[in-house]
Amino acid sequence: MELSTFCVDTLQIDSALKSGSTHLILEDPAVSLRSFSDEAGSPQRLATLVQHARAQHPDILLSLNLDLLPHMSQLDLVSHYIHTARDLGITRIRVQDPGLARLIQDLYPTAICHLATETGNANLASMERHSTPFARQCFVLDMALSDMKNAADSLPCEFEIMVQGPILIQYSQRRFLKGFSGNIPDLGAVFAARDTEYPGRLYRFYDNPHGHFMYLYFDRCLLSCLTELQTLSVHSWLIDARGESLAYLETALTAYRDAYTTSDDRGTQIASLKALSERPQRPGFFRANLTDQERGTPKTTEVPFGRVIDVIKESSFTIQVTQDFLTEGPLVAITPEGKKIPLKSREIRDLAGNPVAQGQTGQLLRFFWQKGICSNSVIV
């Protein structure tokens, strides 16, 4: 089992090796989208990282993280770094754009390609199609354990799973926060904002020359799921500590390194990661694709008939009807967190604004807005 992590400087390399990492994914700011480095990238800078890593551990496994989503104007840059990886003897190249596999094969035929998309590639047909050019694929974060097991047992390529790290929920090449000023806490290139309806949720926004990034309010942490995790046939556990302290990196690597050999209290390690990151540590979608909704399952006496798919604050919310119904009896919204909110108004309208007294499966209907009701709430 490889214990993989990202490194953008020599300090991270030293910490990663000291804490048991067996696979370093080297980041150069020129071609790595979110390296959290203020330095300018260059092939010479990458060469320094390679030399430093091999001086500490001559046989350490190295990869280049080339996860740009390049436009035509950037293909020369990408090609230059593929040649650089070849010249430095970096045998593995990690990409997010599956189309780059052909370019890598043309320029560096012996390179081993890994695919790590942030979204998509979540079904067996897609992963099977990518299993030919890519020796390894990283499971996307909204894939449940059952689906990952099916893929790992069915397909010939290797797989990787991110066991620890942030969950990216938005990316744009536009730098939305460049020059922004206001009352949002400024953490260098990282800003934070609280959800107005859920004050405890602090979302992070990262801005760099590659664009704008928004992260979920909690980190993915599978330390509480080690029994299930160990049943999954993968070749690599990935720890993503980019943007975090060396203490976070070392704590995470040590915890997962020792997962197979010790029975330490994982609760203490989870608490340490929470304190170091100042974010909750949760399994995310690991156990099921609708993990959040599991906590809001209606009781047997409650009949679910719709799910909220859109909310317009102080105006309305729209549901998709999941079961035919008549508007009899009290109506309640159950949020993803399990909070129950009785509806103050029973008036329902179709999208044309006409009042309705019943709904049919698949129909879209509107209710008056009510504070606390959010997307994916269940109406019963």
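Quick notes on the rules
- Residues numbered from 1 in each chain as written.
- Predicted model: local features only at pLDDT ≥ 70, side-chain atom pairs only at ≥ 80, totals over all residues.
- Heavy atoms only, no water.
- Disulfide = S-S within 2.5 Å.
- Helix = DSSP H or I, 4+ residues; strand = E, 2+ residues; numbered from the N terminus.
- Buried < 20%, exposed > 50% of the residue type's maximum accessible area, 1.4 Å probe, protein only.
- Arc of directions from axis to C-beta.
- Contact = heavy atoms within 4.5 Å.
- Pairing = 2+ DSSP bridges.
- Right-handed = clockwise from strand over helix to strand, strands pointing away.
- Polar contact = N/O pair within 3.5 Å; in protein donor to acceptor, adjacent residues only side chain to side chain.
- Phe/Tyr/Trp six-rings, centres within 6.5 Å; stacked < 30°, edge-to-face > 60°.

*Asks:* Would you explain the state of the cysteines in this entry?
*Replies:* Covalent bonding between the sulfur atoms of two cysteines is what defines a disulfide. Under the counting rule described, the total for this entry stands at zero disulfides. Cys-138 carries a free sulfur, and the closest cysteine sulfur to it, the one in Cys-157, is 12 Å from it.

*Asks:* What is the right way to read unusual backbone geometry from this model?
*Replies:* Generally, phi is negative for residues other than glycine and the peptide bonds are trans, each holding for most cases. With a phi close to 55°, Phe-36 is a non-glycine residue in the positive phi region. Its place among the elements puts Phe-36 in the loop between strand S2 (23-26) and helix H2 (43-56). With a phi close to 65°, Glu-314 is a non-glycine residue in the positive phi region. Note on placement: Glu-314 falls in the loop between strand S14 (306-312) and strand S15 (316-321). When its relative accessible area of 64% is taken as the criterion, Glu-314 is described as exposed.

*Asks:* Teacher, can you tell me more about helix H6 (residues 145-154) here?
*Replies:* Burial in H6 covers these residues: Leu-145, Met-148, Ala-151 and Ala-152. Down the axis of H6, the sector holding all buried residues measures 125°, keeping them to one side. Residues of H6 that are exposed and angled more than 90 degrees away from the buried face: Ser-146 and Asp-153. Along its buried surface, H6 packs onto helix H5 (124-130), strand S7 (158-172) and helix H7 (226-229).

*Asks:* How do you make sense of the pairing of S2 when you look at a structure like this?
*Replies:* Moving residue by residue along a regular strand, the side chains alternate between the two faces of the sheet. Burial along S2 is two-sided: the face carrying His-23 and Ile-25 and the face carrying Leu-24 and Leu-26 are both buried. Two elements, strand S1 (residues 2-7) and S2, share four bridges in a ladder whose sense is parallel. Directly across from Ser-4, in S2, lies its bridge partner His-23. Where S2 meets strand S3 (residues 61-66), four bridges bridge the pair, whose relative direction is parallel. From the neighbouring strand, His-23 faces S3, where its bridge partner is Leu-61. The parallel pair S2 and S3 is bridged by H2, and the resulting crossover is right-handed.

*Asks:* I keep staring at the side chain of Glu-2 and nothing clicks. Help me out?
*Replies:* As for its position among the elements, Glu-2 is in strand S1. Within polar-contact distance, the side chain of Glu-2 engages the side chain of Arg-136 at 2.9 Å. Apart from residues no more than four positions distant in its own chain, Glu-2 is found in contact with Thr-22, His-23, Leu-61, Arg-92, Arg-136, His-235, Ser-236 and Trp-237.

*Asks:* I would appreciate a short explanation of the sheet that holds strand S17 (residues 332-334) in the present structure.
*Replies:* Sheet strands pair via backbone hydrogen bonds, and the direction of the pair is either parallel or antiparallel. Read across the sheet, eight strands follow the order S18-S17-S23-S14-S15-S22-S19-S20 without closing on themselves; strand pairing throughout is antiparallel. Whereas interior strands pair on both sides, the edge strands pair on one side only; in this sheet they are strand S18 (340-342) and strand S20 (355-356). Relative to strand S22 (residues 364-368), strand S19 (residues 348-350) runs antiparallel, the two sharing three bridges. Residue pairing across strands places Arg-349 opposite Arg-366, the latter belonging to S22.

*Asks:* Which parts of the structure should I look at to understand the packing of aromatic side chains?
*Replies:* A complete count under the given rule lists 10 aromatic pairs for this structure. Consider the rings of Phe-36 and Tyr-206, whose centres lie 3.9 Å apart with planes at 10°: the pair is stacked. Of this pair, Phe-36 sits in the loop between S2 and H2 while Tyr-206 sits in strand S10 (residues 202-208), placing them 170 residues apart in sequence. Residue class for Phe-36 comes out partly exposed when judged on its relative accessible area of 23%.

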